[in-house]
Structures are given as structure tokens and as C-alpha cells.
Amino acid sequence: MKVLDQIVLNFSQQGLLALNIVIALIMFGVALDIRWRHFIDLLKNPKSVVVGAAAQFLLLPALTFLLVLVVKPTPTVALGMILVSACPGGNISNFMSYLAKGNTALSVSLTAVSTSLAVIMTPLNFTLWGKLYLDFYERSDAGAYLVPIEIELFEVAQTVVLLLGLPVFLGLMFRHYLPRLTQRILRPVRTGSIVVFIAYVIILLSANFEPFIRYIHLVFLIVLVHNALALGTGFSLASLLKLPRVDRRTVTIETGIQNSGLALVLIFNPKIFPPELQLGGMAFIAAWWGVWHIVSGLILAGLWSRKKLNKA
């Protein structure tokens, strides 16, 4: 598995910008099916938001640490898993929750809350569980990879506003003032969003096709189990605390769809991880997470969309 550290992935800021544009378009389409009263209901009963945030930032990193102890991967792969678990929920989770007939307003709120909390919780969780991993194994060879992570408050605020706030606000206003037109474009926009997003994923894979094909067998099972653990964490906590079934679906997806794009941005930031460090293992885990959680999210959303949702 150490061979992963030698891999150089084709990742660029232009590619991240394209992803952000795609997500913003998707969020506009999702918001066309939301009403203002959905957010008002959440303010009156914030329990589901608190449960979702706890699953995201408290349970998942802790369980990821235990998984690392069981799997015993290389240091860079282990720290990559911890970094991914420390990131907030991915913006595409709102789209997945919508497809799964979950509580879309809750999903949007959870993504905004977790993205904002990431300023503190992502560096805190990566440092805490990363140091515990190093202490547990006394891995002096991994110490260089455990560096302090700083996330700019302005950048996080900008992400929340541009990728979530603005598209959702425009979608809500569009539905409110142009209800007839909204009904006409709702299905085409929904279908078009899926097509555009799948096309983006295919392009992303094609840019790194050779290394993925050659080395995917080394991390496929790890990411599969890790993602299943994340989904199970959200569902178990939501069920244990007796959230409404529609909210359970959303908390499950929010916990299982991680912002692996943020993990990649952090990994490739030379101000955080020096260029001389060989971070192929961390980058490969984050990149494959970014692909696999889309697959698992679409499968789960597809299954739930066909299952009748009870009120309980």
C-alpha cells in the first residue's frame, strides 16, 4: 500500500471551480422544490440539526479512528481516512437527500451548519484523532504528515453563501414568484442536474483513469467499509434518538456524503502540507471517497425513493 504515496493525481483548482459551478446549479434545482415554511419548522424544532451535527463531527471521527486501528493501513492512508471523516458534509448530499425523498430543508441547513463548524471542528478532529493514532502506534514515520490545518473563515463563509445560500435563495424566490414556470421546468432541471453531475464525474475519472485502474484494489474495500460506517452512523444515531423517518434519511446521507473535495484542497495546499511530503495515499483515499460516496449515495437514494415513507 506504500506505493500509493508515489502517485500524483491530476487535480487542479480549475477542476474544483467547475465542480462548485455544477453544485450551485444543482442546488438551484433542489431549491425549486422547497418552501420557506420548511426552514421555519426547523427553527421551531432544531433537534434533527443537532443530531446530524453530532453524527458528523463527534461520532464519525471517533469511529473512523477505531476503524483505522482495526484495518491498520499505512500512515498516509490512515491520516487520509481521518481527514475525510473530519470534513463537513458534501454539498451534493442535498441533491441526494432530495432524490431519497428526505427532508431537503434539513439537508441544506445541516450542510450550512457543518460547513461553518468546519472552521473549528475539521482542524480539531484531524489533530485530535491523528495524534491519538500516532501515540497508539508510536508512528514516528507519520509525524511529518500531522500538520496544523487552518481554514480561513472568509473562505468558508464564501462557500456557504455562493454554493448554498445564493442558489437556494434564488430557487425559493423563483418558486414563490413564478410558480407556473417552476412546475414546467422542475422535471427538466432535475434530470439535467443528474446528467451534468454524472458527466463531471466521468470527466474526473478519465483524467486519472490510469492510476485509479492500477491501484484501486488497494483502497476499494477500505473506502467501501468506511463509507458504510458513515452511513450507518447517521442512520443509527437518528433512529436511536427517534427522529422522524424523513429526517433519518437526511441525517444518514449527510453523514455518509463527506466533503472530500475540501480534503483534497487541504492536501494539495502547500501552505499546509509541504510539497516534499509524499501524500499519494492521503490524496488517493480522498479522491476515491469523492467518487464512491456518489455511487453509494445514488444507490441508497434510489432505493429510498421507491420505498413508501411513513410519517413515524
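Computed from a predicted model, the values in this text were never measured in an experiment. (Residues numbered from 1 in each chain as written. Predicted model: local features only at pLDDT ≥ 70, side-chain atom pairs only at ≥ 80, totals over all residues. Heavy atoms only, no water.)

1. Thoughts on the overall build of the chain
When helices and strands are counted, the chain shows 12 helices and zero strands. Seen in sequence order, the chain has helices and strands lined up from the N terminus as α-α-α-α-α-α-α-α-α-α-α-α. Nonlocal contacts in the chain, meaning residues at least 24 apart in sequence, comprise 85% of its contacts between residues at least 6 apart. Split by element, the accessible area of the chain, about 15000 Å² in all, is 67% carbon and sulfur. (Helix = DSSP H or I, 4+ residues; strand = E, 2+ residues; numbered from the N terminus. Contact = heavy atoms within 4.5 Å. Areas by Shrake-Rupley, 256 points an atom, 1.4 Å probe, with all protein chains shown as cover.)

2. A word on the packing of aromatic side chains
Under the counting rule described, the total for this entry stands at four aromatic pairs. With 5.3 Å between their ring centres and 35° between their planes, Phe-65 and Trp-129 make a pair best called tilted. Highlighted residues: Phe-65 in helix α3 (residues 47-71) and Trp-129 in helix α6 (residues 104-137), separated in sequence by 64 residues. Of the two residues examined, Phe-65 and Trp-129, each falls in the buried class. Pairing Phe-220 with Trp-288 gives two aromatic rings, centres 6.0 Å apart and planes at 45°, and the pair type is tilted. Here Phe-220, found in helix α9 (residues 209-240), pairs with Trp-288, found in helix α12 (residues 280-305); they are 68 residues apart in sequence, far enough to count as distant. Taking relative accessible area as the criterion, Phe-220 reaches 34% and is therefore assigned partly exposed. In this structure Trp-288 comes out as buried when scored by relative accessible area, which is 11%. (Phe/Tyr/Trp six-rings, centres within 6.5 Å; stacked < 30°, edge-to-face > 60°. Buried < 20%, exposed > 50% of the residue type's maximum accessible area, 1.4 Å probe, protein only.)

3. Structural notes on helix α4 (residues 75-86)
Taking 1.5 Å of rise per residue, 12 residues should cover 16 Å, and α4 covers 16 Å from first to last C-alpha, within 8% of that figure. Taken across its 12 residues, α4 has 12 buried, putting it largely inside the fold. (Expected span 1.5 Å × (residues − 1).)

4. So, the nonpolar core
By size, the foremost hydrophobic cluster in this structure holds 40 residues, and its most contacted members are Met-81, Ile-82, Leu-83, Phe-126, Tyr-133, Ile-285 and Trp-288. Secondary-structure elements contributing two or more residues to this core are α3, α4, α6, α9, α11 (260-267) and α12. Ranked by residues supplied to this core, first place goes to α12 with 10 residues. Judged by nonpolar contacts, the second largest core, of 16 residues, contains Phe-39, Leu-42, Ala-105 and Ala-238. (Core = buried A, V, L, I, M, F, W, Y, C linked by side-chain atoms within 4.5 Å.)

5. Regarding helix α10 (residues 245-256)
Residues spaced three or four apart along an α-helix face the same direction, because each turn holds 3.6 residues. In a regular helix each residue adds 1.5 Å, so 12 residues correspond to 16 Å; α10 covers 17 Å between its end C-alpha atoms and thus fits that length. Among the 12 residues that make up α10, 10 are buried, leaving the element largely enclosed by the rest of the structure.

6. Section: the environment of Gly-261
You can see Gly-261 is positioned in helix α11. The exposure class of Gly-261 is buried, given its relative accessible area of 17%. Sequence separation between Gly-261 and Gly-90 is 171 residues; the distance between their C-alpha atoms is 8.1 Å.

7. Focus: unusual backbone geometry
Negative phi characterises most residues that are not glycine, and trans characterises most peptide bonds. Unlike most non-glycine residues, Lys-72 shows phi in positive territory, near 55°. One can find Lys-72 in the loop between α3 and α4. One non-glycine residue with positive phi stands out, namely Lys-101, at about 60°. Structurally, Lys-101 is set in the loop between α5 (92-99) and α6.

Remember that the coordinates give geometry; whether it matters functionally is a separate question.
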